[in-house]
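Coordinate inspection notes
Single-letter residue listing:
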Amino acid sequence: MATQSSVIESTVPQAQDEWTRQSCGFYSCPKCKQDLEPAYDGFSCRVCATTYPILRGIPDFILVNLEESRNRSLRVVGKNDSRPPLDFMASVYETWIYPYVCNLYGGWHSTSLERLAHDIAEIVGSRDGLILDVACGPGTYGRRIASESKTVLGIDICMSMLRQGVQYVEKGHIPNVYFARATVEALPFRDGLFDAAICAGSLNHFSDTVLALREIGRTMKAGAPLAVMCFARINSGLMKYKWILDGAERGGGHIDTVADLERYVAKADFEDFRPRVYGSVLVFSARKSRQSISVNAQRRPLL
Ligand SMILES: C[S@@+](CC[C@H](N)C(=O)[O-])C[C@H]1O[C@@H](n2cnc3c(N)ncnc32)[C@H](O)[C@@H]1O
Ligand SMILES: [Zn+2]
């Protein structure tokens with residue numbers, strides 16, 4: 001199967017056609033969730049009479065202007081996306097910003113990217129198949145999990161982050177990582193597609209946690225594991241200060257208690273919530289409920 005990187009490098013339209021045709025099997029219309037067809041420079045939904053463009057090898061499923069969003073985090077990304085400051089931020093995000101945020105906000109030496117990546121990989125487990133990386137940034141976790149037998153589909157609202165992810169994948173010759181621009185609220189995937197899902201560093205940003213978790217769950221197979229990393233209201237690091245928590249809320253985010261998160265997870269039809277705490281950083285696992293077998297899950301054979 002062609003990788004995203006082969007598209008970026010290639011200037012041969014035929015190669016792009018091939019990649020588009022193949023990756024069409026992964027993606028569905030984010031609005032009606034029906035199958036897409038390859039179109040010139042994009043994917044097309046017959047039902048909605050909509051074409052989603054592929055921009056420099058990255059499918060774009062967000063056709064609205066994020067600058068007009070009600071959520072402040074989305075507006076900020078919409079305003080600055082693909083501009084030099086955000087491109088620069090994306091380029092140093094993993095190396096400079098991650099350790100600083102973990103130590104300062106989570107608590108000094110509370111955890112590290114290596115530790116968190118280890119936990120997330122453990123939750124995803126050894127199962128092969130398709131893995132969703134929601135709000136993937138530059139594919140921080142998905143890249144570390146992808147292999148010949150594990151295909152990772154990362155989505156994020158931010159092109160600067162996604163392009164940085166493509167660069168890492170290119171440079172590291174990492175197989176089977178695909179990136180697309182989409183929101184967690186309207187995922188471009190059919191029901192019951194994924195064998196596992198990751199949602200790291202982003203739950204605190206979503207306007208409606210339950211709605212986001214439900215949409216992630218919709219795309220997962222019954223019993224599939226979910227791995228989440230987020231901040232929680234636990235008295236450690238800068239997160240113990242009210243002005244930091246209030247600031248997060250003013251910025252469009254929210255820091256919840258572990259008990260609240262457990263409730264949201266159950267409300268979104270996940271079970272077996274298992275938290276692991278590192279200062280104010282929380283890693284938790286849960287499983288898509290086995291009872292909720294989606295009516296559309298068998299609509300099309302898996303790739
Ligand atoms: C702190 S970064 C985390 C990136 C990566 N998962 C990691 O752990 O390093 C948060 C990401 O969430 C994305 N994001 C925020 N709101 C989103 C939404 N509603 N849908 C999809 N992505 C979103 C941002 O663009 C950003 O890349
Ligand atoms: Zn549609």
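I will try to describe carefully the structure that is included in this document. No experiment lies behind these values; they were computed from the predicted model shown.

A look at the overall build of the protein chain
Assigned secondary structure in the protein chain consists of ten helices and eleven strands. Against the compact-globule benchmark of 19 Å for 303 residues, the protein chain has a radius of gyration of 18 Å, which places it among compact chains. Dimensions along the principal axes, computed over C-alpha positions, put the protein chain at roughly 55 × 45 × 35 Å. Residue burial in the protein chain is summarised as follows: out of 303 residues, 45% are buried. Long-range pairs, those at least 24 residues apart, make up 66% of the contacts in the protein chain with a sequence separation of at least 6.

Observations concerning the site of ligand 1
Residues in close proximity to ligand 1 total 19 residues, the closest being Ala135, Gly137, Thr140, Ala200 and Gly201. Among the elements that line the shell around ligand 1, the one with the most residues is helix α3 (residues 72–80), at three residues. A class-by-class count of the residues in the shell around ligand 1 yields ten nonpolar, seven polar and two charged.

Quick notes on the pairing of strand β5 (residues 129–134)
The side chains of a regular strand alternate, residue by residue, between the two faces of the sheet. Counting buried residues in β5 gives five out of six residues, a clear majority hidden from the surface. One ladder, built from six bridges, connects β5 with strand β6 (residues 150–156); its direction is parallel. Across the sheet, Leu130 pairs through a bridge with Thr151, a residue of β6. One ladder, built from four bridges, connects β5 with strand β8 (residues 196–200); its direction is parallel. Within β8, the position partnered with Val134 by the bridge is Cys199.

Looking at the packing of helix α4 (residues 84–106) against helix α7 (residues 159–172)
Following both chains from N to C, one finds α4 and α7 inclined at 45°, their axes separated by 8 Å at the closest point. In terms of orientation, α4 and α7 fall into the oblique class. Between α4 and α7 the crossing geometry is right-handed. Of the residues in α7, those touching α4 at Leu86, Asp87, Ala90 and Ser91 are Ser160, Met161 and Gln164. A per-class count over the contact of α4 with α7 returns three nonpolar, three polar and one charged.

Examining the packing of helix α8 (residues 209–218) against helix α10 (residues 258–267)
Between α8 and α10, whose axes approach to 8 Å, the crossing angle comes to 45°. Relative to α10, the element α8 lies oblique. Judged by the sense of rotation from one axis to the other, the crossing of α8 with α10 is right-handed. Together, Thr209, Val210 and Leu213 of α8 and Tyr264, Val265 and Lys267 of α10 make up the contact between the two elements.

Conventions we followed
- Residues numbered from 1 in each chain as written.
- Chains lettered and ligands numbered in written order.
- Predicted model: local features only at pLDDT ≥ 70, side-chain atom pairs only at ≥ 80, totals over all residues.
- Helix = DSSP H or I, 4+ residues; strand = E, 2+ residues; numbered from the N terminus.
- Rg over C-alpha atoms; globule rule 2.2 N^0.38 Å.
- Buried ≥ 20, exposed ≤ 12 C-beta atoms within 10 Å, placed from the backbone.
- Contact = placed C-beta atoms within 7 Å.
- Near = placed C-beta within 6 Å.
- Nonpolar A, V, L, I, M, F, W, Y, C, P; charged D, E, K, R; others polar.
- Pairing = 2+ DSSP bridges.
- Axes fitted to C-alpha atoms, helices over the stretch in contact; angles between N-to-C directions.
- Parallel < 35°, antiparallel > 145°, perpendicular 65-115°, else oblique.
- Left-handed = near helix turned anticlockwise from the far one by under 90°.

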